[in-house]
Amino acid sequence: MSITITPFTKQELLPQEEKLEIGKYKRELFIGIPKETSYQERRICLTPDAVNSLTYQGHRVMIESGAGESSSYTDKEYSDAGAEVTKDTKRVFGCPMLLKVEPPTIAEIKLINPETILISAIQLKTKKKSYFEALAQKKITALAFEYIKDEDGSYPAVKSLSEIAGTASILIAAELMITDEIGKGLLFGNITGVPPTDVVILGAGTVGEFAAKTAIGLGATVKVFDNSITKLRRLQNNLNQRVFTSTIQPKALLKALRRCDVAIGAMRGKERCPIIVTETMVEHMKKGAVIVDVSIDTGGCFETSEVTTHEKPTFIKSNVLHYCVPNIPSRYSKTASLSISNIITPYLLQIAEDGGIESAIRRDKGLKNGVYIYHGILTNKAIGEWFDLPDNDINLLVF
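A quick note: this is a predicted structure, and the numbers were derived from the prediction, not measured. (Residues numbered from 1 in each chain as written. Predicted model: local features only at pLDDT ≥ 70, side-chain atom pairs only at ≥ 80, totals over all residues. Heavy atoms only, no water.)

K.L.:
Explain the side chain of Thr308 here, please?
P.N.:
Positionally, Thr308 belongs in the loop between β11 (290–293) and β12 (314–317). For Thr308, a relative accessible area of 8% puts it in the buried group. Separated by 3.3 Å, the side chain of Thr308 and the backbone nitrogen of Val325 make a polar contact. Once residues lying within four places of it in the same chain are set aside, the contact partners of Thr308 are Pro313, Phe315, Cys324, Val325 and Pro326. (Helix = DSSP H or I, 4+ residues; strand = E, 2+ residues; numbered from the N terminus. Buried < 20%, exposed > 50% of the residue type's maximum accessible area, 1.4 Å probe, protein only. Polar contact = N/O pair within 3.5 Å; in protein donor to acceptor, adjacent residues only side chain to side chain. Contact = heavy atoms within 4.5 Å.)

As structure tokens, then:
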């Protein structure tokens, strides 16, 4: 009796269940962009060019009149790009998808329709339990810029705004060094025959790296302190040159601070930024030295730091000029708006291509990571623990 030879296994020869391919259907988006009302917020989520690329593909964009003015974009530019410009705030908040830089206030949440998709920053440190309860009540699906991940596992929005903050911190320090009040009248740089500006940077993350790049580009001497050897090594590699790096040791740090002209605070903490520089250390700094505390958003890493505003950005303590304005990227509103727009536009186009937010977060793990409330259900464990709210794993809701 001959044995039939077959290329299939016994398992493969058994009847199999039929698998149907799920087709993707492109969906038209209707996006609302309200005017930012938060204090000192001057950015906008989409530039006219980004709006044009969306309307060109058949999507609708409704923008509140004057929303782009503080970023140097006129209503006419948005209108020419295909957006509907209106003075009716309620109409804008009534759109099925909302884009905001700052998270909406409780009063603004009341204007939002149930089941709306909200994409904005979250700024967890400034939020209260009532904010999440208000979103949940309206069954809103909310995504945070800060939580959206890239293919390489990084956070593109956080990284991009950190680049701006790092570069800006040095440019701000350069301005402050020539102020009439206490400024030393020093040119930030390295002029032949003149000792270069001495800069101390606390933190070797993205802010610290871009502050170091800008300072080196201007010819300054740079010293970087961080307790992570891995971060310091990465910074050295990214700068393509050797700079002074050290772990944070009080003796070495005090020695560097006594000699420096500029000190940049770029530390990060899980909850509150750790205080690295004590008041006594600040007292030992040169008269007219400049401190730019970028970490002020999370409490500041200088003990002498106090929150200031864009209108009155500086104060003097122990003969040292302090700049402690939160949200530094907002000062450079057009650059920051372009940066946010470049990050968010491809995601919007992808959401439309995938057939809506439901399909998009199934296909894109990075976008799914950005969801912190899904149809009114809190899906972020950290937020749940922070505010003592019940949370669910999004992977059990979307699969």
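K.L.:
Sorry if this is basic, but what is going on with the packing of aromatic side chains here?
P.N.:
One pass over the full model with this rule turns up six aromatic pairs. Between Tyr73 and Tyr78, the aromatic rings sit 6.2 Å apart at their centres with planes inclined by 75°, giving edge-to-face as the arrangement. Each member of the pair, Tyr73 together with Tyr78, is buried. In this structure, Lys127 packs its charged tip against the face of Tyr131, placed 5.2 Å from the ring centre. Against the face of Phe210 rests Lys213, its NZ or CZ located 4.7 Å from the ring centre. (Phe/Tyr/Trp six-rings, centres within 6.5 Å; stacked < 30°, edge-to-face > 60°. Lys NZ or Arg CZ within 6 Å of the ring centre and 35° of its normal.)

K.L.:
What should I look at first to understand helix α12 (residues 333–354) in this one?
P.N.:
Helical geometry: 3.6 residues make up each α-helical turn, so side chains three or four residues apart lie on a common side. Given a rise of 1.5 Å per residue, 22 residues ought to cover 32 Å, and the 31 Å separating the end C-alpha atoms of α12 matches this to within 8%. Helix geometry: α12 is bent most strongly at Ile344, by close to 25°, with proline Pro346 lying one to four residues after it. One or two positions beyond α12, positive phi appears at Gly355, with a value near 95°. (Expected span 1.5 Å × (residues − 1). Bend = angle between axes of the 7 residues up to and from the residue.)

K.L.:
For this particular structure, what's the right way to read the pairing of strand β14 (residues 371–374)?
P.N.:
As a general feature of sheets, a regular strand has side chains that alternate between the two faces. Of the strand pairs in this sheet, strand β6 (residues 141–144) and β14 are connected by two bridges, and their pairing is antiparallel. Across the sheet, the residue bridging to Leu143 is Val371, located in β14. In the sheet, β14 pairs with strand β15 (residues 377–378) via two bridges, with the strands oriented antiparallel. The partner of Ile373 across the bridge, within β15, is Leu378. The antiparallel hairpin formed by β14 and β15 contains two residues in its connecting segment, where His375 sits at a positive phi of about 50°. (Pairing = 2+ DSSP bridges.)

K.L.:
In this structure, what is going on with a nonpolar patch on the surface? I would like to understand it.
P.N.:
Taken together, the side chains of Leu187, Ile191 and Val194 make up a nonpolar region of the molecular surface, amounting to roughly 280 Å² of accessible area. Given the relative accessible area of 42%, Val194 is considered partly exposed. (Patch = residues over 30% accessible without salt bridge, like charges linked within 9 Å, V, L, I, M, F, W, Y side chains within 5 Å. Areas by Shrake-Rupley, 256 points an atom, 1.4 Å probe, with all protein chains shown as cover. Salt bridge = Lys/Arg side-chain N within 4 Å of Asp/Glu carboxyl O.)

K.L.:
What am I meant to see in the side chain of Thr214 here?
P.N.:
Here Thr214 lies in helix α8 (residues 206–217). Given the relative accessible area of 16%, Thr214 is considered buried.

K.L.:
It is not clear to me how α8 should be interpreted in this structure. Could you clarify?
P.N.:
Spanning 12 residues, α8 covers 16 Å between terminal C-alpha atoms, matching the ideal 16 Å at 1.5 Å per step. Along α8, the residues classified as buried are Val207, Gly208, Glu209, Phe210, Ala211, Ala212, Thr214 and Ala215. The inward-facing, buried residues of α8 abut α7 (156–176), β7 (198–202), β8 (221–225) and α9 (229–239). Trailing α8 by a residue or two, Gly219 shows a phi angle of about 95°, which is positive.

K.L.:
Teacher, can you tell me more about the pattern of salt bridges here?
P.N.:
A side chain of one charge can pair with a side chain of the opposite charge when the charged atoms of the two come close. Summed over all chains, the structure comprises 12 salt bridges. Lys100 serves as the salt-bridge partner of Glu36, at 3.1 Å between the closest nitrogen and oxygen. One end of the pair, Glu36, is in the loop between β1 (30–33) and α2 (48–56); the other, Lys100, is in the loop between β4 (97–99) and α5 (106–111), and 64 residues separate them in sequence. Of the two residues, Glu36 and Lys100, neither departs from the other in class, the shared state being buried. Where salt bridges share partners, they join Glu36, Lys100 and Glu108 into one cluster.

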